[in-house]
Structures are given as structure tokens and as C-alpha cells.
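Observations on the model geometry
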Amino acid sequence: MASLSLRHIYKKYPGGVTAVSDFCLEVKDTEFIIFVGPSGCGKSTTLRMIAGLEEITEGELYIGDRLVNDVAPKDRDIAMVFQNYALYPHMTVFDNMAFGLKLRKVPKETIKRKVEEAARILDISHLLDRLPKALSGGQKQRVALGRAIVRDPKVFLLDEPLSNLDAKLRAAMRTEITKLHNSLQATFIYVTHDQVEAMTMATRIVVMKDGVIQQVDSPQALYDNPVNLFVAGFIGTPQMNFINGTLEKDDDGYVYLHFGEIRIRLPEEKGNADEIKPYIEKEVIAGVRPECIVDTPMQIAAMQEASFEAYCDVTELMGAEIYLYLIANKVEVDESLKERKNVVIDRSGEQKLIARVSPRSTVRAGDTVTLAIDTTRMHLFDKETEKAIVFLTEEEKKKAARVAEAEKAAAEVEGEQTETVEETPAEEPVEEKTEDASVTDTTVTE
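Criteria and thresholds
- Residues numbered from 1 in each chain as written.
- Predicted model: local features only at pLDDT ≥ 70, side-chain atom pairs only at ≥ 80, totals over all residues.
- Heavy atoms only, no water.
- Helix = DSSP H or I, 4+ residues; strand = E, 2+ residues; numbered from the N terminus.
- Buried < 20%, exposed > 50% of the residue type's maximum accessible area, 1.4 Å probe, protein only.
- Contact = heavy atoms within 4.5 Å.
- Areas by Shrake-Rupley, 256 points an atom, 1.4 Å probe, with all protein chains shown as cover.
- Pairing = 2+ DSSP bridges.

Bringing the overall build of the chain into the picture now. For the chain, the count of helices and strands is 13 helices and 20 strands. Going through the 446 residues of the chain one by one, you find that 41% of them count as buried. The long-range fraction of contacts in the chain, counting pairs at least 24 apart against all pairs at least 6 apart in sequence, stands at 69%. When the accessible surface of the chain is totalled, it reaches about 24600 Å², and 50% of it is carbon and sulfur.

Here is the structure:
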């Protein structure tokens, strides 16, 4: 198996279209990396560049210690599983799995052993004599995975392999692929637009937008600490609620988020944080996960300063939970006005929210209910840059200070070295350049 290194990768097409921009990523051996993002974000293009199916415009790609920019796909020692399986319809399952090995003129005994071992791992030993038309979607997907496994590649590349399956089978195959990764201890790079797949399977997730990496981190870290508005909204189902509001400070020193007629008090550690001071009396975007909006009397009593009233528009019973679709700051309209054709009702001040509550909740559509926000888990974003306002703990502040001091010391040392070089007589650098040139020439000749 192998690690991967993508260094300042660009993909540009004629006409000035840049599909992937300055993509930098270090993939460790045996990691399960998932590229996730909306359609057109460049995730499949990046995967195809790793496979060698797309030419890299700029940058360097290493598989292990080997630069592979100009290496043919067949010589990169990778295996790719495509979205549409790409099985040969006239070949049996055995022949489909063995096809790549036959092209490499691997001995028949070795082919038989590898195919049977892969079939055992994927639980498709009883299907080896069937044709693809006699297989279900999940079975076809396993055959495609088996064809990759028998090659024993350094890296597995999977391009949305589950998108053609139904929801139940997709969930089952997610588990199978995770088990397969654990069994093979191989490096997997997986592309999907489904953030549920990314959250449940990945060691690390690469979130992309418009060809640019937004954030790289573990699934839980992405969920808990998104770096910007896009990542916050993309990761999580239902997605995070976003509230446009103003931060206000009262005479007692408490900081509130004010939107419409609602004022939510921030915890003291957030309200007094240095990071929040530049945003007082300014508009920000607050991010609240659906599970952070609570409706039980006990929770509301503990969060009185963060409670508010909202109208419940729709409820969705999911079995283990209920989704409440709420409207805060709802505009009440007289029935007589609704019947008049020329009246335009301004609802711009209404704030729509989604709450995830217990299935024992008694809230029903049409109710006006009291709820509260767990502000300890509230995120705040700069309205102009859409970047997260990060609150550092004391330990994190000390660590950041130590890093800054180290960087400053390194810069001073580098400056001293530069001054020393400038004071050196001119003849000596000329001689050194000549020696370097001869070494380079020798290396090239070899």
C-alpha cells in the first residue's frame, strides 16, 4: 500500500475554465479519504487526475515516493471502481474479476486463487458462474469491488459507487465497504455528493466547492467546528439553521443575538471572548444545529435567557425523532387582508428554523410553542467573509502564542543567515555554483 501527495494541483480546460485550483493534500497509508461536495465542485476531476484519466495542468502528484504526473494509468498501480460498475455483459463474474490479471499474463493458478479469495471476502463465491444480467445492483457493485481487490493495488479509487443503489442497499454497502477497508488495510479515496456516506465511512473528509478545498478534517471535527458557512451548511442532516442577527451588549455586560423581536443571550465565555469584541453592534450569522433547539420544559427552564416563541408550520415523524419546521417572528395577518388581491405581505422578517426533538414531543402543526437554543453549541460567522468566528480556549491561545514566537524566531534566524550570505566575497558563490552545476549534470547523465 502507499501514501499519496497532491501538491498544488490545478486542472484548467480551454476557455479559461479552472475545474480544480491549488489542491494540496497529504494522504497517509491506509487512510480512508472521502472527497465530498455539490455537483461541479471538482471532486471527480481530482479523482480522475489521480487515476491518470485526466491530465494535470499544474502541480505534482506522488504515489508513495514516485512522481506519477506522466505515468500511464496502467502503470500507477491503482484500481478504480466506477459509478456504473463497467462490467462486461458477456463475461461471467469470475471472468470479469480475472480480466485485468489475464491482460497482465498472470499465471492461471494465481488468478484462480486471487479471484476466489476476493469472492470470499465479498461473499459472492456462489455468483462466480453468473452473468452480470443475473445480478442485483448490490451484487454488481461487489463484483466491481472484487475486480479491484484482485489486483492488490497500492490505492483504491471509488467514484460514487453507491449512487445507483436504493436507500436500503446503499446503507448495507456502506458497511461492507468500511469492513473491506478494515480488512485490506489499504488506502481508499472515495468520491461522493452524499454527506451521510462521508460522515459514516471516512477517516478524513475533504469538503470541496468550486474546485477549492474548503476544509479537511475528521467527520466529527467537521461537524463540531466548521471553518465557514458552506461547510457548516453542507455537513449535517437536516442542515444547520442560519440566523441573520445583530450582536448587542447590555449595561450588565451580557451579549445578545438580536433578530426580529427575539433576543438570545450568549454564554459569558463567548460574550466576553476577545474574538467577539469586534462584532459588537454588527450583523453576524448565527449557526444552530437542529438538535440544539429544545422543547422540553426542563431544558427550557435551564435556558431561560435563550428561549423564544415560534409557530410550528409542519412536523415530520421520523420514528426515532421528530423534525419541527418552525417560523420565528411570524407575521400575523388579518384574514380580511388575505382576501385582498393588491395587498403584498412582507414576510422578510420571519425566521425559518428546523428542530430535531424527541418522538415523545407533543408539538403539533399549527401550535405556537416555546423553545430554547443551546447557545453553548451555537456557531457564529462573519457576515462578509462567511468565515467562522473561532473561540479559543486559554490553552489554545497559549499554544498559538508559542507557535507565533517560534515562527518569529525562525524568521529572525533566516534574516541573519541572509545577511551573512550578502557579506560573503563574490568569488566563493561563483565556485559553489560551478560545483552544483557539475553535480546536476552528472545526476542527469546517470
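Summarising burial for strand 18 (residues 351-357): five of the seven residues are buried, a large majority. Across seven bridges, the pairing between strand 17 (residues 322-328) and strand 18 is antiparallel. The residue bridging Tyr 325 from the neighbouring strand is Ile 354, located in strand 18.

The five strands lie next to each other as 15-19-16-17-18, forming an open sheet whose pairing is antiparallel. Where the open sheet ends on each side, the last strands, each with one partner, are strand 15 (293-294) and strand 18. When strand 16 (residues 307-317) meets strand 17, the two strands line up antiparallel, connected through seven bridges. Bridge assignment links Tyr 311 to a residue of strand 17, and that residue is Ile 327.

On to the environment of Met 240. Here Met 240 is to be found in the loop between helix 8 (229-234) and strand 11 (241-249). Counting along the chain gives 139 residues from Met 240 to His 379, while the straight-line C-alpha distance between them is 9.7 Å. With residues up to four places along the chain from it excluded, the contact list for Met 240 reads Ala 232, Gly 287, Val 288, Arg 289, Pro 290, His 379 and Phe 381.

What follows deals with the pairing of strand 13 (residues 262-265). Only one face of strand 13 is covered, namely the face carrying Ile 262 and Ile 264; the face carrying Arg 263 and Arg 265 is uncovered. Pairing between strand 12 (residues 255-259) and strand 13: four bridges, direction antiparallel. Bridged to Leu 257 within strand 13 is Ile 264. If you look at the hairpin formed by strand 12 and strand 13, you'll find two residues sitting between the two strands, and Gly 260 has a positive phi there, around 65°.

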